[in-house]
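Each chain is listed here by its residues.
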Amino acid sequence: MSFSWAKPYEPKSNLSKWIDDRLPLPRLVYGAIGGGYPVPRNLNYFWNFGVLAGIFLMVQIVTGIALAMHYYSSIDGAFNSVEHIMRNVNAGWMLRYAHANGASFFFIVVYIHIFRSLFYGSYKAPRELIWMLGLVIYLLMMATAFMGYVLPWGQMSYWGAQVITGFFSAFPLVGEPIRIWLLGGYTPDQAALTRFFSLHYLMPFVIAGVVMLHIWSLHIPGSNNPTGVDVKSEKDTLPFHPFYTAKDGWFVGAVLTAYCLMLFFAPNALGHPDNYIPANPLSTPAHIVPEWYFLPFYAILKAFTIDFILPAKLWGVLAMFGSILLLFLLPWLDNSPVRSGNYRPVFKRFFVILVIDVLVLGWAGGATVTPTVVAISQIATAYYFAHFLIILPLIAKHEDTLPLPSSISASALHGELQESAPIGTSKTAIAAAE
Amino acid sequence: MPHHVPIGTKLITTKPIRLRVSMATLEQSAGSPEPGANENDGVRRRDFINIAAVSFAGVGAAAVVMPMLYQMNPSADVLALASSEVDISKIATGQAIKTVWRKQPVFVRNLTPKEIAEANAVDLGSLRDPQTLAERTKPDKQNWLITLGVCTHLGCIPLGTGEGENRGPFGGYFCPCHGSAYDTAARIRSGPAPTNLVVPEYAFTSDTVVTIG
Amino acid sequence: MIRMFSYAAGAILTLVLMVSLFATVKEAIVSPAEASVEYEYHREPKDLKLASDGPLGKFDRAQLQRGLQVYTEVCAACHGISLVSFRDLAALGYNEGQIKAFAGSGNFWKIEVASVNPDTGEASTRKATPADRFPSPYPNDTAARAANRNALPPDLSLIAKAREGGAAYTYSLLVGYEQQPAELLKHFPTAKTPEGLYYNPYFANLNLAMPPPLTSEGQVSYGEGAPKATVDQMSKDVSAFLVWTAEPKLENRHRTGIVVVVFLLFATFLGYLSYKNIWAEAKRKVAPKGPLDPDNMARRNRAKGKAGIEG
């Protein structure tokens, strides 16, 4: 571990010593999430969302494997197999709803996790690679979710596949051949469905692998914290176990409660009724919309309505991919040495506008297309790109930041120091001990 | 929100007298939960909540495993096909048909009096899997022999139901895969099969209809 | 360097978007879109209260049985519910014998279950058994369209989940048929309901190919003790039935949900107490040593001694 005061692993029983001598897994776990991993003592609840993302990944994998025992990927049978799961398979309805709502919660949790990193500067040096691995996980999640949504072969499944693979045809020359190669045909059909099933089963394990790299690279510098100030001494940290296992534990319970409330009492709230209609290639639904977690990108795609050197459709596709790809460059776009938004008042204000902007984009992506909605999405898209490409670099260069605390413990302890000192200790002695 | 302190400033304390009293209270409360109780009790009492929380989480985790295992049980549509009806009105004496139950072959044979007599004449002690014909049929329907058409050796479908099929040395069924020979009561007489052809649960719902399973 | 590219890219994208925005606004002002007749005259579904509503909802079995009766006597002529098996009707309170009789009766099923003639191998039909699903009235979509002026009567198994508004929508649709209002024709003279379609403001396109299926009171004769079979009542009953066909596991879901959520709330509460317990020390002491640490014990004893506290 990177901190000198991290407690080394000491096997508690003969069995754990026997295993550890042969396969250093116990010491790995101890050093990663046990008493041997020092974590800043001042983390707030926004730091709980990484673990939550891991939990929902596991939920999706477990429910997904169970569902795959009953689903079959033929275009004639897929829709019926999902209904077979809902009606005939023991607890099948619970597995299906758990998997569908698990995907939504996975995205909710990951979005909060990402916005935490944006606000507290967790993407800045030396954590750039953690940030980029995280973006890779996010891209893999989007691909997995898209393919998973196609599998029930409902109206939205089919037409969503049609629209999203249609993006590729926006690229000149190579676009259409790539689209046909992806689909294995001219339109989403049997070939597309079976390969999407295969890849959808594979990707979560690729995600799990990248998650391990993500956590491994995190454990080199250790976690960031709300002040953005580096860990300087043992006073600044607490061992992960039992402090953060306890904090994560109860909060996981709370989030699982919210998840189960949705699963058992409003399981179709985040879905679209049209996906309960079997796919019909000859009948387009009135409004094709992706799942809610893709709506901001859908708004960006639809915002470009004018051909300007490049065709509007190509602008839309480039902007949509670009909106995520530019995030890879964020550590260099925003290279202010002050990490946390708490000490960057101008940045903080623009951050709030960014959050509102993304929510507006989400609303616009799902709303019925009218000139007002299009205009709003155009303004919101313009702000999104301006925020990352123009505003953040300018702020980083010119802002006045607030003075930082000298250390984490100085900011976190609020004077408990003198409270916990033995009675009669003089003030100067207390101050010297700080 | 972290309380930020300008770099370089030392902490300043205020109101020392109040601190002293509160410190005493704190020192005390940081120790044992009540005056007079010994330290070990206090620690164990505090640990109890941790143990309780972890146990509940464990129960929850175990409870989640249940549906995962439960979903592998046969689904409702499979269970619905667990019993089949067979119309036996067209089977003449001496004839047999092959039908399907739980996606497996079933032999329904209308035994001739000669076959019944042959079956009853066999010495039970000489059978690998001793059973009388009466044990394998219904009381007043001794001529109806209903068995699975699956050889108990390794699962091939024995011959003998169709016209002209080889009925083996004992006049019952004969399995071509490894030579198991069954008699007129479908009991194993020679060859590698260990037990008689399985008689499934069945009932006559009328004189011409049998419900299997 | 990166900053230069970044400003350039940001400027280009913003420029393109402003051009698009300008065009959008210009078009909106110059040629504003007219409200469509659907937008003006489409109505949101009426309110419908069912026993299955809400997190603790349960099916009203008597209502479901009446709904099944309405379905079989009125709707099954054109609409299938092919995801429902006859054996599922046990949930409505029927026993095995009743279900077997119902399935094989041939009373309602003009088309029996497709099968193969065991002697000749030709396609034929056979009586339905409880294990079978409800047969569709038409062998395929083409036949369905041919019999209904090119309109396809949808399968109703999932209709309550496949339409915005669910059961409230199906109920409103069934009772919502009316004459096309004169006012509509005044504002939209080209929007007269075409021949062969029926005006219904609860339908998205306003003109529905399905003729009003429930037209007169007593069309279905409910048994003793049942409410009067008005069009309104029959529509409610069949809508409740369609909620069941779409979601037969609704009651299991609610029951399991209560147990799970109560358990989780309690477990979260215990977890929270445990968290508070573990962190109580961290927030007090600088070094995360426990109360049994000799230094801390010595400190405590000295403080107690000074304050004159015994024990």
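These numbers come from a predicted model, not from an experiment.

Caption draft 1: Region of the structure containing the overall build of chain B. Helix and strand counts for chain B come out as 5 helices and 9 strands. Beginning at the N terminus, the succession of helices and strands in chain B can be written as α-α-α-β-β-β-α-α-β-β-β-β-β-β. For chain B, with 213 residues in total, the buried portion stands at 22%. Across chain B, contacts joining residues at least 24 apart in sequence account for 46% of those joining residues at least 6 apart.

Caption draft 2: Structural detail: the interface of chain A and chain C. Opposite the 56 residues of chain A that make contact, chain C presents 57 residues. Breaking the side of chain A that touches chain C down by element, the ones donating at least two residues are α4 (78–87), α5 (92–120), α10 (240–265), α12 (312–325), α13 (330–333), α15 (371–398) and α17 (416–420) of chain A. Class assignment for the residues of the side of chain A that touches chain C results in 40 nonpolar, 10 polar and 6 charged.

Caption draft 3: A look at the domain arrangement of chain C. With domains assigned, chain C is organised as domain 1 (2–33), domain 2 (39–84 + 154–248) and domain 3 (267–307). Domain 1 of chain C and domain 2 of chain C are separated by 47 Å when their C-alpha centres are compared.

Caption draft 4: Region of the structure containing the packing of helix α3 (residues 49–68) of chain A against α5(A). All names here are of chain A. Two elements in contact, α3 and α5, have axes separated by 9 Å at closest approach and are oriented at 160°. In terms of orientation, α3 lies roughly antiparallel with respect to α5. Regarding α3 and α5, the two cross each other, and that crossing is left-handed. Tallied by class, residues from the contact of α3 with α5 come to 16 nonpolar, 7 polar and 2 charged.

Caption draft 5: Spotlight on unusual backbone geometry. With an omega of -5°, the peptide bond between Ala125(A) and Pro126(A) qualifies as cis. In this model, His241(A) is joined to Pro242(A) through a cis peptide bond whose omega is 5°. Looking at the secondary structure, you find Pro242(A) in helix α10. Of note in this structure, Ala91(A) is not a glycine but carries a positive phi near 60°. Of note, Arg102(B) is a non-glycine position whose phi angle comes to about 50°, a positive value. Locating Arg102(B) in the fold gives a position in the loop between β2 (96–101) and β3 (104–110).

Caption draft 6: Broad picture of the sheet that holds strand β9 (residues 209–212) of chain B. Residues and elements named next belong to chain B. One open sheet holds the 3 strands; their spatial order is β1-β9-β8, and the pairing between them is antiparallel. Two strands close off the open sheet at either side, each with one partner strand: β1 (84–87) and β8 (202–204). Going from strand to strand, the sheet's axes swing by 25° on average, the running direction of each strand aside. For β8 and β9, the ladder comprises 3 bridges, and the chain directions are antiparallel. Bridge pairing in β9 places Phe-204 opposite Val-210.

Caption draft 7: The nonpolar core, seen in detail. Counting residues in hydrophobic clusters, the biggest one holds 74 residues, and the most contacted among them are Leu52(A), Ala53(A), Phe56(A), Phe106(A) and Val109(A). Take this core: its biggest share by element is 14 residues, from α10(A). Apart from residues no more than four positions distant in its own chain, Val109(A) is found in contact with Phe49(A), Leu52(A), Ala53(A) and Phe56(A). Ranked by size, the runner-up nonpolar core spans 42 residues in total, among them Ala128(C), Leu156(C), Leu173(C) and Phe203(C).

Caption draft 8: Region of the structure containing the sheet that holds strand β6 (residues 181–183) of chain B. Residues and elements named next belong to chain B. Reading across from one edge, β5-β6-β7 is the order of the 3 strands in this open sheet, with antiparallel pairing throughout. At either end of the open sheet lies a strand with only one pairing partner, and these are β5 (171–174) and β7 (188–190). Sheet twist, expressed as the average angle between the axes of neighbouring strands with direction ignored, equals 40°. Alignment of β6 against β7, held across 2 bridges, turns out to be antiparallel. Across the sheet, residue Tyr-182 finds its bridge partner in β7, namely Ile-188.

Caption draft 9: Structural context of the packing of α15(A) against helix α1 (residues 2–30) of chain C. It is at 9 Å that the axes of α15(A) and α1(C) come closest, and there the two elements cross at 165°. With respect to their mutual orientation, α15(A) and α1(C) come out roughly antiparallel. Like other packed secondary-structure pairs, α15(A) and α1(C) cross with a definite hand, here left-handed. By residue class, the composition of the contact of α15(A) with α1(C) is 18 nonpolar, 7 polar and 2 charged.

What counts and what doesn't
Residues numbered from 1 in each chain as written. Chains lettered and ligands numbered in written order. Predicted model: local features only at pLDDT ≥ 70, side-chain atom pairs only at ≥ 80, totals over all residues. Helix = DSSP H or I, 4+ residues; strand = E, 2+ residues; numbered from the N terminus. Buried ≥ 20, exposed ≤ 12 C-beta atoms within 10 Å, placed from the backbone. Contact = placed C-beta atoms within 7 Å. Nonpolar A, V, L, I, M, F, W, Y, C, P; charged D, E, K, R; others polar. Domains from an automatic or database assignment. Axes fitted to C-alpha atoms, helices over the stretch in contact; angles between N-to-C directions. Parallel < 35°, antiparallel > 145°, perpendicular 65-115°, else oblique. Left-handed = near helix turned anticlockwise from the far one by under 90°. Pairing = 2+ DSSP bridges. Core = buried A, V, L, I, M, F, W, Y, C linked by C-beta atoms within 7 Å.

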